[in-house]
Amino acid sequence: MTKRYYITTPIYYVNGAPHIGHAYTTIAADVLARWKRLAGYDVFFLTGTDEHGQKVEKAAAEAGLDPQSFTDRVAADFRDMAARMGASNDDFIRTTEPRHRHACSVLWQRLVERGEIYLGEYQGWYAVRDEAFYNESELVPGPDGTRLAPSGAPVEWVREPSYFFRLSAWQDRMLAFYAENPDFILPLSRRNELLSFVRTGLSDLSISRASFRWGIPVPGDPAHVMYVWLDALANYITAAGFPDEADPRWAFWPADLHLVGKEIARFHALYWPAFLMAAGLAPPKRVFAHGWWTVEGEKMSKSLGNVIDPRDLLARFGLDPVRYFLLREVPFGNDGDFSRRALITRMNVELANDLGNLAQRSLSLIARHCAATLPALPKSPTDADNTLLSAAAALPRDLAGALDRLAFSEALDEIWKIVRAANAYIDHQAPWALRRTDPPRMAAVLRVLADVLRIIATVLSPFMPESMARMLDQLGVPPSARDLAALAVPLPAGTPLPPPQAVFPRFAEPA
Ligand code: ME8
């Protein structure tokens, strides 16, 4: 049976340019998508843009453009960001596409047919920046006696006719669902937050707006557009072919993982499964809500002028070091701080020194003293050979465990234990000295190192695809033998190796 894996990022609002926070989620999802492909899964990796609603309409007006031309422009920028971050997404969905309008209309009609929607009037607070409704009790004091959303966003009082989703009727069923699926929303801190929110009682949810036009019209009542979150969440089933259950992509539903930032956990882990179950569809299997990045100790904001365009970082540091840093620096789920100093230190110590030098030393000795071909495996391996080889061989299984928990930094730490063990091995075995005293042993040591490097480069390739592809080229690993299953088959001795080249140069600060 085919093993399938469906993973998504949030679809990003096109009200502003992509920044490092967006790149973060996209890279994390990309690492998992690539890892699952390496493990033999048929993967569907989705990202895209969220283009309707008041916030985007307002941004278009401020840019002096009609919303469609504006969203066309910004969506192209997000697509470009994903490509430049090395994202291997299989689809890029835009909520202004006809396929999505159709899927949303069908979803809406199903909810109507099942008695889950009724017409009423909404009276309450709304934050355009969050595109969210808030209860009086949720507001927090702002400056000068004003009140703000818990996120700090300004709120306005809204009173308009509105369609409602009978969320209140789902409270017990949602609590039962969370009890049956203890890993549905992770990390645990987010689960606890969500459970206490649901236990305090759910009100029906306003799911249409009648005071502006930029959205998907409500079927049968074009005076309303659908609430942007109902529209946005439905992207995950649109891309899987909904409502055409004969579409081959429908086999991917329910999604295995929605990766999101912590501020939108409630939408994904409460509203979304409730909408789906109410429409008679399966809920996603898991939602993981990661933490937030600050920049050099400060919250990213347009007014502080510290919003980082990930593409500027790439130009300066290269793609793979940035991907590595973002997933290594902070345990996934926690908040983190982006600092150039920390990035440069990790580049120079972990990438250039620990891994880059190990590869360079091993490969240049092979190039010089083994006729630039892969030596044979040791005939009688020593304890040191066996210890290192078996520790490296255990990596794929250990990493699978860590990555299933989205413990990216832990996974990288496991890999670096082997990198350090291999450095200790080369120092201790001193193949450069064996060249005179025991050339066959020198060749054996270098072969052990080449095999360990092959494992390291293979399991690191989801994190750093470009540089690990170069390392695998230098190790003589054919492109068809770069997945986890291929690691069981040793490369033939005598495989010719290209001249070694440094994969991770040191980063020198311009004077
Ligand atoms: O919320 N640190 O879109 P959005 C880490 N359209 N991640 C960050 C971040 C930061 N400082 N800033 C943003 C929306 N992100 C909706 C989603 S989904 C059906 C609709 C990432 O453009 C993080 O993944 O505001 C966060 O959840 C997402 O960008 C929010 O992007």
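Given the structure is predicted, the values throughout are model-derived calculations rather than measurements. (Residues numbered from 1 in each chain as written. Predicted model: local features only at pLDDT ≥ 70, side-chain atom pairs only at ≥ 80, totals over all residues. Heavy atoms only, no water.)

Student: In this structure, what is going on with the site of the ligand? I would like to understand it.
Tutor: Lining the immediate environment of the ligand, one finds 23 residues, of which Ile11, Thr25, Asp50, Gly261 and Glu263 sit closest. The side chain of His22 places a nitrogen or oxygen atom 3.3 Å from an oxygen atom of the ligand. Here Asp50 contributes a side-chain N or O atom positioned 2.7 Å from a nitrogen atom of the ligand. Compared with its free state, where it exposes 670 Å², the ligand has 94% of that area covered by protein. For the shell around the ligand, the secondary structure elements donating two or more residues are β1 (4-13), α1 (20-38), α7 (228-233) and α8 (235-238). Tallying contributions element by element places β1 first for the shell around the ligand, with 4 residues. Partitioning the shell around the ligand into residue classes produces 12 nonpolar, 9 polar and 2 charged. (Near = heavy atom within 4 Å. Polar contact = N/O pair within 3.5 Å; in protein donor to acceptor, adjacent residues only side chain to side chain. Areas by Shrake-Rupley, 256 points an atom, 1.4 Å probe, with all protein chains shown as cover. Helix = DSSP H or I, 4+ residues; strand = E, 2+ residues; numbered from the N terminus. Nonpolar A, V, L, I, M, F, W, Y, C, P; charged D, E, K, R; others polar.)

Student: Help me understand helix α17 (residues 439-460) in this model?
Tutor: In an α-helix, one turn spans 3.6 residues, which is why side chains three or four residues apart end up on the same side. For α17, built from 22 residues, the straight-helix expectation of 32 Å at 1.5 Å per residue is met to within 8% by its first-to-last C-alpha distance of 31 Å. Here α17 lies mainly inside the structure; 20 of its 22 residues are buried. (Expected span 1.5 Å × (residues − 1). Buried < 20%, exposed > 50% of the residue type's maximum accessible area, 1.4 Å probe, protein only.)

Student: Explain the pairing of β1 to me, please; I cannot follow it from the model alone.
Tutor: Working note: regular strand, side chains alternate between the two faces of the sheet. Most of β1 sits out of view: 9 of its 10 residues are buried. Bridge count between β1 and strand β2 (residues 42-50): 8 bridges; the pairing is parallel. Residue pairing across strands places Arg4 opposite Asp42, the latter belonging to β2. With α1 bridging β1 and its parallel neighbour β2, the resulting β-α-β unit is right-handed. Of the pairings in the sheet, the one linking β1 to strand β14 (residues 257-261) comprises 2 bridges and is parallel in character. Each bridged residue has a counterpart across the sheet, and for Ile7 the counterpart in β14 is Leu257. (Pairing = 2+ DSSP bridges. Right-handed = clockwise from strand over helix to strand, strands pointing away.)

Student: What am I meant to see in empty space enclosed by the protein here?
Tutor: To find leftover empty space, one rolls a probe the size of a water molecule over the atoms. Counted according to the given criterion, the structure contains 4 cavities of 30 Å³ or more. Reported here for the largest cavity is a volume of approximately 50 Å³. As for the largest cavity, its lining consists of 13 residues, of which Gly53, Phe212, Met226, Tyr227 and Val228 are closest to the centre. Residues of the lining of the largest cavity, tallied by class, amount to 7 nonpolar, 4 polar and 2 charged. (1 Å grid on protein atoms, 1.4 Å probe; cavity = no way out; pocket = protein on both sides within 12 Å on 5 of 7 lines; lining within 4 Å. Points joined across faces, edges and corners; volume = space filled by probe spheres on them.)

Student: When you look at the side chain of Thr25 in this model, what are you seeing that I'm missing?
Tutor: Assignment of secondary structure puts Thr25 in helix α1. Of the polar contacts made by the side chain of Thr25, one reaches the backbone oxygen of Gly21; its length is 3.4 Å. Excluding residues within four positions of it along the chain, Thr25 makes contact with Thr9, Pro10, Tyr12, Leu259 and His290. (Contact = heavy atoms within 4.5 Å.)

Student: For this particular structure, what's the right way to read the sheet that holds strand β11 (residues 208-209)?
Tutor: Paired through backbone hydrogen bonds, the strands of a sheet run either parallel or antiparallel to each other. Read across the open sheet, the 3 strands follow the order β11-β13-β12; overall the sheet is antiparallel. Bordering the open sheet on either side are β11 and β12 (217-218), each of which pairs with just one other strand. With 2 bridges joining them, β12 and strand β13 (residues 221-226) adopt antiparallel strand pairing. Pairing of Val218 across the sheet is with Asp221, part of β13.

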